[in-house]
Amino acid sequence: ISYYHKSGLYADYTGYYSKEYDPQYYLTVVSAGYMNSPTPWWSVMAEYNRYMYSSLGEDDYIAYKNSVGLSNFFDIKWVTLRLDYQLFFGDKRAHRINPSLMLNFDKKKLGRINRLAFYPTASVLYGSEQITELIPYARTLLGIIYRIRRKMPLYYEQETTHFGVLNYSFSAPISITIKNWTFLVSYTYNIPQALPNEPITLESSGYISASVSKRIQF
């Protein structure tokens, strides 16, 4: 549920539900922000988000519960360049930079359809993350044998911050607007990337999403 004021201020309440979680309604995001168009070809949006998870278990750990962000949209005919920056904070801090390129193809007044739009998008996500690495105390064979014989630890933990590419994303959304109703279907394909020395294995995946929204004008 979102409310937009003519001044540019807006507020949003979003809930997330999934059978994969317990409880199934697992996340609420409350947002507030401001949007403006300083020029006909440039729009900007600033936003604060608060993430509230339902009934976290003892083994659940959420490092980031807040974020602030700034989004820029540059329109050049049928091309839109977008640049997003977000700072996530809570127990840790992380930066996210997300440039993207979007093509805008739309057709108005097709029978009962007010607007039919297709806007394929390609984006790359850069970010920072704190990674816990195991660093060996000894780097020679004699040193390792010495520590093993004396039952001394071979490694120690060290937290380092790495910055790099986190994900490549490609999406193909189709939007249909009929009066105050908008129907959106989109296919998205993600190619996640591990940061240097990050001990995880990631696989590419795609998914289809759909949404229905109604605009109520005051």
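Please read all numbers here as calculations on a predicted model, not as lab measurements. (Residues numbered from 1 in each chain as written. Predicted model: local features only at pLDDT ≥ 70, side-chain atom pairs only at ≥ 80, totals over all residues. Heavy atoms only, no water.)

Draft legend 1. Quick peek at the pairing of strand β3 (residues 25-39). Note: strand β2 (residues 9-17) against β3, 9 bridges, orientation antiparallel. Its bridge partner lying in β3, leucine 9 is registered against tyrosine 34. Where β3 lies against strand β4 (residues 42-53), 11 bridges are found, and the strand directions are antiparallel. Opposite alanine 32, over in β4, you have tyrosine 48 as the bridge partner. Hairpin geometry of β3 and β4 is characterised by an intervening segment of 2 residues between the two adjacent antiparallel strands. (Pairing = 2+ DSSP bridges. Helix = DSSP H or I, 4+ residues; strand = E, 2+ residues; numbered from the N terminus.)

Draft legend 2. The arrangement of the environment of asparagine 104 in detail. By secondary structure assignment, the location of asparagine 104 is in the loop between β7 (93-103) and β8 (105-110). Each C-alpha atom of the pair asparagine 104 and tryptophan 78 lies 4.9 Å from the other, and the pair is 26 residues apart in sequence. Excluding residues within four positions of it along the chain, asparagine 104 makes contact with Trp78, Val79, Thr80, Phe118 and Tyr119. There is a polar contact of 2.8 Å between the side chain of asparagine 104 and the side chain of threonine 80. (Contact = heavy atoms within 4.5 Å. Polar contact = N/O pair within 3.5 Å; in protein donor to acceptor, adjacent residues only side chain to side chain.)

Draft legend 3. Broad picture of the pattern of salt bridges. Counting across every chain of the model gives 3 salt bridges. Ionic pairing is found between aspartate 84 and arginine 82, a salt bridge with its closest N-O pair at 2.9 Å. On the basis of relative accessible area, arginine 82 is assigned to the partly exposed category, the value being 31%. (Salt bridge = Lys/Arg side-chain N within 4 Å of Asp/Glu carboxyl O. Buried < 20%, exposed > 50% of the residue type's maximum accessible area, 1.4 Å probe, protein only.)

Draft legend 4. Local environment of a nonpolar patch on the surface. Side chains of Ile1, Tyr13, Tyr17, Tyr25, Val30 and Met52 sit close together on the surface and give an oily, nonpolar patch of about 640 Å² of accessible area. By secondary structure assignment, the location of tyrosine 17 is in strand β2. Exposure remark for tyrosine 17: the relative accessible area of 55% places this residue in the exposed category. (Patch = residues over 30% accessible without salt bridge, like charges linked within 9 Å, V, L, I, M, F, W, Y side chains within 5 Å. Areas by Shrake-Rupley, 256 points an atom, 1.4 Å probe, with all protein chains shown as cover.)

Draft legend 5. Spotlight on the pairing of strand β12 (residues 181-192). Relative to β12, strand β11 (residues 155-178) runs antiparallel, the two being bridged by 12 bridges. Among the inter-strand pairings, tyrosine 168 is bridged to a residue of β12, identified as isoleucine 191. Bridge analysis of β12 against strand β13 (residues 205-214) gives 10 bridges, and the strand direction is antiparallel. Its bridge partner being in β13, tryptophan 181 is matched across the sheet by lysine 214.

Draft legend 6. Representation of the packing of aromatic side chains within the structure. For the structure shown, the criterion picks out 9 aromatic pairs. Between tryptophan 42 and phenylalanine 74, the ring centres sit 6.5 Å apart and the planes meet at 5 degrees, which makes this aromatic pair stacked. Of this pair, tryptophan 42 sits in strand β4 while phenylalanine 74 sits in strand β5 (residues 64-76); the two residues are 32 residues apart in sequence, bridging distant segments of the chain. Classification of tryptophan 42 as partly exposed rests on a relative accessible area of 26%. (Phe/Tyr/Trp six-rings, centres within 6.5 Å; stacked < 30°, edge-to-face > 60°.)

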